[in-house]
Amino acid sequence: MGVEAHATNERVTGRRWTVRLDPVGRGRADVRVSCSRPACAAQVLPSAADGRTAAIAHLKAHLRAGPAPRPSVQCACRAEECHTHIRPAGPRERPVPWRCGGAVVLAVITDREGRWWQVLECCSRCAAAHPTAKVVATAQAAEAPARADGFRADAPAPATPGGPAATTPTFSAVSPHFSHSATAAATGTAVPQQASGPRSSAPRSAPRSARPTRKRPPRGRIAQRLVPHDLRPVALRDELTELGELFRAYQARTEPDLAVLADLHARKAEAFNAWAEVTADTGLRLDARRAEQAAATARLQHLHRIGQAPDGEGPAVVRLLTAPAQWNHARAVLAHVAENAPLPGAEARLLVLMVTLRTAQSGVGNLVGQDIKGLPLQDPEHLVGQLVESGWLGISGTVEELIASRPESPTRISVPSLTPDEDDPGPFTFGRKLRPKLSGWAQRVVGEKKLRKGKTGADVRLLALALATGADGEGRLGPGGEGIGLDALASWCAVDPGDLSDLVDRLTAADWLAEADVTGTLLTGRLTERVLPLGCPLT
């Protein structure tokens, strides 16, 4: 007898499986979709978008084919000693060992980046503790014990002969439904029919559809909680309702915005604290504390993405130029050189840029032979002579003396167009201390080790400068990672647009670019982590 009772009370652990989206290899665009269920083989897709579509389709196929959640299973996350589920209200209350609280549900949990999806057969309270959880199905209530008259305590009375048959709601897993939009039809709730028999001699009441309905104000929903329609003050009720709608709208976005998410969590923390003061609900205070932590985490992630440092901490990427103002000044110098270069060609453009950075503040500066010979120029003496003959560059001595000069005896140079006077302060507004920083940054980019070892030309190094100033904090090219126009890049590099593909291949081989793709009008991709410190992120 004791063995039978033990076998009856033994509970099965809830189901749990994961569908993942992983890169196949570094620098490759194809991805691998895998499922933790043993019968599912991994498949490789050509792009992340195709992989995400296939992963979601695979997950939905499992949900359609799988059975409904079982009401008596052991909570899957509780089986692994999950510490994120909602705690009981009382300090000494302990949940039953096989369930944290609430009905058993089938929930789908995913990350914000869309890299994995996990299905859990767990308790509703555990699902509510995960901010990204979507409830796909809820288990039917377990059968109630039989009564003395032979019927279950929760079952409707049997129908009389010829009367309407009582129907039992059934579960359908064909299309997932979510908790915030579930209706009575979706959740399978039904009202039992009124039993008819000898005692029911009184006339039946009017059908439910014919009875007058009492209209109530619409109730908002936020964080699996219903906002009471009689909550006061009214401003708090409206704030909670609006926040619920904003969170649902954010979840429907195709791209995350961590700054917006941090603001939403901060508003939620403030609103839940006010709600807890009104109702004296400890659970609301705990939710408010979790919202404060979520706001701080989202804000920190946002700062890391844009390359800025939180208060009192160092930046996520230690950059050579550290402030947005410095990044904007670097872009201003590149734009000025592109518009005012006195000679055509990529080599002349590169030399003009380096000389401009040496003389940007006062129009005069020092130059040594190694500064010129270190650039990828085929005939540096001839090129310097052309700049002097055009009147753009002035030097003290001859071109041969400039090429032969050493650091202990530099050559004095001047650029008349950059020399300020009373009527023209010059094209640049940065201070004297920033000029050597900008010059050192450009020298580091142009003379980067792998660019030198690959013997890349002036056009490739000009492209490296353009991409370093045209990526965001994560290294994605263009505003919002949408790419950079080919015409603008070709104009800056002083090459034909058709030659850009070869330059992009050279930068990819030098481990400057990853996931690069040249389309009809755009270059998309991202800078590699190795060169992120040289970048000037778009703000």
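Residues numbered from 1 in each chain as written. Predicted model: local features only at pLDDT ≥ 70, side-chain atom pairs only at ≥ 80, totals over all residues. Heavy atoms only, no water.

K.L.:
Can you help me understand the sheet that holds strand 11 (residues 411-414) in this one?
P.N.:
Hydrogen bonds along the backbone pair up the strands of a sheet, which may run parallel or antiparallel. Read across the sheet, three strands follow the order 9-11-10 without closing on themselves; strand pairing throughout is antiparallel. Of all strands in the sheet, those bounded by a partner on one side alone are strand 9 (364-367) and strand 10 (394-395). Sheet topology places strand 9 next to strand 11; four bridges connect them, and they run antiparallel. Looking at the pairing, Asn366 lines up with Arg412 of strand 11. Against the sheet, helix 10 (residues 346-359) makes contact with strand 9 and strand 11, and its axis sits at roughly 120° relative to strand 9, the strand it touches most. (Pairing = 2+ DSSP bridges. Helix = DSSP H or I, 4+ residues; strand = E, 2+ residues; numbered from the N terminus. Contact = heavy atoms within 4.5 Å. Axes fitted to C-alpha atoms, helices over the stretch in contact; angles between N-to-C directions.)

K.L.:
Where do I start with the packing of helix 16 (residues 458-468) against helix 18 (residues 500-509) in this structure?
P.N.:
For any two helices packed against each other, the geometry comes down to the angle between their axes and how far apart the axes lie. In the contact formed by helix 16 and helix 18, the axes pass within 10 Å of each other and the chain directions differ by 75°. With respect to each other, helix 16 and helix 18 are oriented roughly perpendicular. Of the residues in helix 18, those in contact with Asp459, Val460, Leu463, Ala464 and Leu467 of helix 16 are Leu503, Val504, Arg506 and Leu507. (Parallel < 35°, antiparallel > 145°, perpendicular 65-115°, else oblique.)

K.L.:
Please explain the side chain of Arg331 as it appears in this structure.
P.N.:
Relative to the assigned elements, Arg331 resides in helix 9 (residues 324-340). At 10 Å, Asp472 is the nearest oppositely charged side chain to Arg331, a buried residue that forms no salt bridge. Those residues in contact with Arg331 that sit more than four places away from it in its chain are Thr469, Cys536, Pro537 and Leu538. (Buried < 20%, exposed > 50% of the residue type's maximum accessible area, 1.4 Å probe, protein only. Lys, Arg positive; Asp, Glu negative; His and termini not counted. Salt bridge = Lys/Arg side-chain N within 4 Å of Asp/Glu carboxyl O.)

K.L.:
I keep staring at the pairing of strand 14 (residues 522-527) and nothing clicks. Help me out?
P.N.:
For a regular strand, the rule is simple: side chains alternate between the two faces of the sheet. Sheet analysis places strand 12 (residues 484-485) next to strand 14, joined by two bridges and oriented antiparallel. Its bridge partner lying in strand 14, Gly485 is registered against Leu522. Where strand 13 (residues 513-518) meets strand 14, four bridges bridge the pair, whose relative direction is antiparallel. Residue pairing in the sheet places Leu513 in a bridge with Leu527 of strand 14. Between strand 13 and strand 14, which pair antiparallel and follow one another directly, the connecting turn spans three residues.

K.L.:
Just to check I follow, could you spell out the environment of Ser417 for this structure?
P.N.:
Within the secondary structure layout, Ser417 lies in the loop between strand 11 and helix 14 (434-446). A residue is classified by how much of its surface remains accessible, and Ser417, at 43% relative accessible area, is partly exposed. For the pair Ser417 and Pro427, spaced 10 residues apart in sequence, the C-alpha to C-alpha distance is 9.0 Å.

K.L.:
When you look at unusual backbone geometry in this model, what are you seeing that I'm missing?
P.N.:
Residues other than glycine predominantly adopt negative phi, and peptide bonds predominantly adopt the trans conformation. Across the junction of Arg232 and Pro233, the peptide omega takes the value 5°, indicating a cis bond. Within the secondary structure, Pro233 is located in the loop between strand 8 (225-226) and helix 6 (234-251). For Lys455, which is not glycine, the phi torsion reads 50° and is therefore positive. Note that Lys455 resides in the loop between helix 15 (449-453) and helix 16.

K.L.:
I keep staring at the sheet that holds strand 5 (residues 116-123) and nothing clicks. Help me out?
P.N.:
Strands sit in the order 3-2-1-5-4-6 across an open sheet of six strands; the sheet is antiparallel. The sheet is open, and its two borders are formed by strand 3 (43-45) and strand 6 (134-138), each paired with just one other strand. Along the sheet, successive strands turn relative to each other by an average axial angle of 20°, direction set aside. As judged from the four bridges shared by strand 4 (residues 104-110) and strand 6, these two strands associate in the antiparallel manner. Looking at the pairing, Val105 lines up with Thr138 of strand 6. Most of the contacts of helix 2 (residues 48-65) go to strand 1 (residues 16-23), to which it runs at about 170°, and overall it touches strand 1, strand 2 (31-35), strand 3, strand 4, strand 5 and strand 6.

K.L.:
Looking at this structure, how should I read the packing of aromatic side chains?
P.N.:
For any two aromatic rings, the description comes down to two numbers: the centre-to-centre distance and the angle of the planes. Counted under the stated rule, the structure contains two aromatic pairs. Between the aromatic rings of Phe272 and Trp275, the centroid separation amounts to 5.6 Å while the plane-to-plane angle is 80°, which identifies the pairing as edge-to-face. Here Phe272 and its partner Trp275 are both found in helix 7 (residues 258-279), three residues apart, which amounts to about one turn of the helix. Cation over ring: Arg37 sits above Trp17, and NZ or CZ is 4.5 Å from the ring centre. Lys268 extends its terminal NZ or CZ atom over the ring of Phe272, reaching a point 5.5 Å from the ring centre. (Phe/Tyr/Trp six-rings, centres within 6.5 Å; stacked < 30°, edge-to-face > 60°. Lys NZ or Arg CZ within 6 Å of the ring centre and 35° of its normal.)

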